[in-house]
Amino acid sequence: MENKIRVASGVKKIEVNDDGEFISLPFADDNFVVRFYRLMDGIGERAKEIGSEIPEDITGKIEAVEKVVAVEKETKREVDELFGDGTCRKVFGDILPSMDLFVEFFGSLLPFFEEYKQDRMRRMGKYGAERTGSSL
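A quick note: this is a predicted structure, and the numbers were derived from the prediction, not measured. (Residues numbered from 1 in each chain as written. Predicted model: local features only at pLDDT ≥ 70, side-chain atom pairs only at ≥ 80, totals over all residues. Heavy atoms only, no water.)

Caption draft 1: Region of the structure containing the nonpolar core. Ranked by size, the top nonpolar core spans 25 residues in total, and within it Val-79, Phe-83 and Phe-106 carry the most contacts. Counting only elements with at least two residues in this core, the list comes to strand S2 (22–26), helix H1 (30–53), helix H2 (62–83), helix H3 (87–92) and helix H4 (99–125). Contacts of Phe-83, omitting those with residues within four sequence positions, involve Ile-23, Ser-24, Leu-25, Phe-32, Phe-36, Phe-105, Phe-106 and Leu-109. (Core = buried A, V, L, I, M, F, W, Y, C linked by side-chain atoms within 4.5 Å. Buried < 20%, exposed > 50% of the residue type's maximum accessible area, 1.4 Å probe, protein only. Helix = DSSP H or I, 4+ residues; strand = E, 2+ residues; numbered from the N terminus. Contact = heavy atoms within 4.5 Å.)

Caption draft 2: Quick look at the packing of H2 against H4. H4 packs onto H2 with a crossing angle of 25° between their chain directions and a minimal axis gap of 10 Å. By the angle between their directions, the pair H2 and H4 is classed as roughly parallel. Where H2 approaches H4, its residues Val-71, Glu-72, Thr-75, Lys-76, Val-79 and Phe-83 are matched on the opposing element by Met-99, Phe-102, Phe-105, Phe-106 and Leu-109. Of the residues assigned to the contact of H2 with H4, the class counts are 8 nonpolar, 1 polar and 2 charged. (Axes fitted to C-alpha atoms, helices over the stretch in contact; angles between N-to-C directions. Parallel < 35°, antiparallel > 145°, perpendicular 65-115°, else oblique. Nonpolar A, V, L, I, M, F, W, Y, C, P; charged D, E, K, R; others polar.)

Caption draft 3: Spatial organisation of the pattern of salt bridges. Per the stated rule, a full pass over the model turns up 9 salt bridges. For Arg-89, the salt bridge identified is with Glu-21, shortest N-O distance 2.9 Å. Highlighted residues: Arg-89 in helix H3 and Glu-21 in the loop between strand S1 (11–15) and S2, separated in sequence by 68 residues. What makes Arg-89 partly exposed here is its relative accessible area of 38%. Looking at Glu-21, the relative accessible area reads 23%, which means it is partly exposed. Of the charged contacts in the structure, one is a salt bridge between Arg-46 and Glu-78, with a shortest N-O distance of 2.8 Å. In this pair, Arg-46 sits in helix H1 while Glu-78 sits in helix H2, placing the two residues 32 residues apart along the sequence. (Salt bridge = Lys/Arg side-chain N within 4 Å of Asp/Glu carboxyl O.)

Pasting the structure below:
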């Protein structure tokens, strides 16, 4: 028997555009998972705020539009920081994504998180307290 082990990294690669580019989701990094959910919650709150602050007729309301753009730029920076530099370009192209696109992006990722969680629970189940025995 060789004296080697390999532990699965828990990283899932997700293709995000027609050019075959991908982002990585390091599910086994609990810090990443917490940061993902915090950012997702923040995006949802920002989207609600923007929706309530923008008048239906934005003619002559450039300040309101500039405020939205500032929030979207900050969100883009945070997404690139969490998933890696260039993520927004890969996912959305060379635009400043609107808040609804960020909401859609995070919603599209949630099933991958749920799948990993279920798989993790299944794997951890085999190490329950009812399992006893010798290491020999």
